[in-house]
Amino acid sequence: MEEFYNNRVKHILKKKGKVSAAWLHLASNVSAEILANAGFDALIIDAEHSPVDYQTILSMCQAIKGTGAAAFARVPWNDLIAIKRVYDCGVLGISVPYVRTAEEAREAVCRSKYPPLGIRGIAGSPRACGYGLNRGDYLSRANDENLIMVAIETLDGIDNLPEIMEIEDLDGIFIGPMDLSTSMGIRGQFDNEEFKAAVKRIEDIVVPSDKFLATVANDAESAQKLYDKGYNMIVMMSDAVDLSKMAVKNVKKFKELNNLEVEE
């Protein structure tokens, strides 16, 4: 079987380049295919806050294959079994939520790597290995090609970030603004000076480093402001949220044009 296992997006991020990304929240191979065909560099299957199961993740990866987009996943937790099974579906990288300490970050990396670098169970039969047809290529390259980022979503995570950054095989840091603001008692108050100061602490550590920095934005214009600050990957839309916004906008416009009562 022709060699194919090469993580283009990871190589861009290793060079501190810019990557466009979107969430896949609908647990749908159809929306995955649509956003992949739209031209995003990476699509992040949300296994933490969506109803996906492993079969769904696999079918979404199939829908993305061949489009040029990289299939990533936010795993449900820093769990050995979950990380192993998500990788076996064929994703090229993972984001591990709610990492607070260097030890938790090391565990995430260890669970993502085959021995001797880690403890990920090895098998040639999963989709990641081409169902046995490409296991030599995959098994020899996965430790280098698979991407690992951890989400910093608490103040203790920020306090421990300098030590977390010392983990060589950790590729990047993801800022989770909603969890971070909630952990600070100011949920969703992203203009709060205390919140902005916390984010800046992360930026000041990660941007000058050799690891990439990622977060979320509402659209491409908001994302560009973050790229200009030194961020490398921005998740700038969601199949679920943006469909909801567009639906509300169109229904509101219909009612306005037809002099119908518009609900606020």
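One structure accompanies this document, and this report is about it. (Residues numbered from 1 in each chain as written. Predicted model: local features only at pLDDT ≥ 70, side-chain atom pairs only at ≥ 80, totals over all residues. Heavy atoms only, no water.)

1. Digging into the sheet that holds strand β8 (residues 233-238)
With respect to topology, eight strands assemble into a closed barrel ordered β1-β2-β3-β4-β5-β6-β7-β8, the strand pairing being parallel. Adjacent strand axes in the sheet meet at a mean angle of 25 degrees when their direction is disregarded. (Pairing = 2+ DSSP bridges. Helix = DSSP H or I, 4+ residues; strand = E, 2+ residues; numbered from the N terminus. Axes fitted to C-alpha atoms, helices over the stretch in contact; angles between N-to-C directions.)

2. Let's talk about the environment of Ala71
Of note, Ala71 is situated in strand β3 (residues 70-74). Along the chain, Ala71 and Phe212 lie 141 residues apart, while their C-alpha atoms are 18 Å from each other. Look past the residues within four positions of Ala71 in its chain and what remains in contact with it is Leu43, Cys61, Ile64, Val91, Leu92 and Gly93. (Contact = heavy atoms within 4.5 Å.)

3. Looking at the packing of aromatic side chains
By convention here, two paired aromatic rings are described through the distance between centres and the angle between planes. As enumerated under the stated definition, the model contains five aromatic pairs in all. On the basis of an interplanar angle of 70 degrees and a centroid distance of 6.0 Å, the ring pair of Trp23 and Phe174 is categorised as edge-to-face. With Trp23 in strand β1 (residues 19-24) and Phe174 in strand β6 (residues 172-175), the pair connects residues that are 151 residues apart, well separated along the chain. We note that Trp23, like Phe174, is buried. (Phe/Tyr/Trp six-rings, centres within 6.5 Å; stacked < 30°, edge-to-face > 60°. Buried < 20%, exposed > 50% of the residue type's maximum accessible area, 1.4 Å probe, protein only.)

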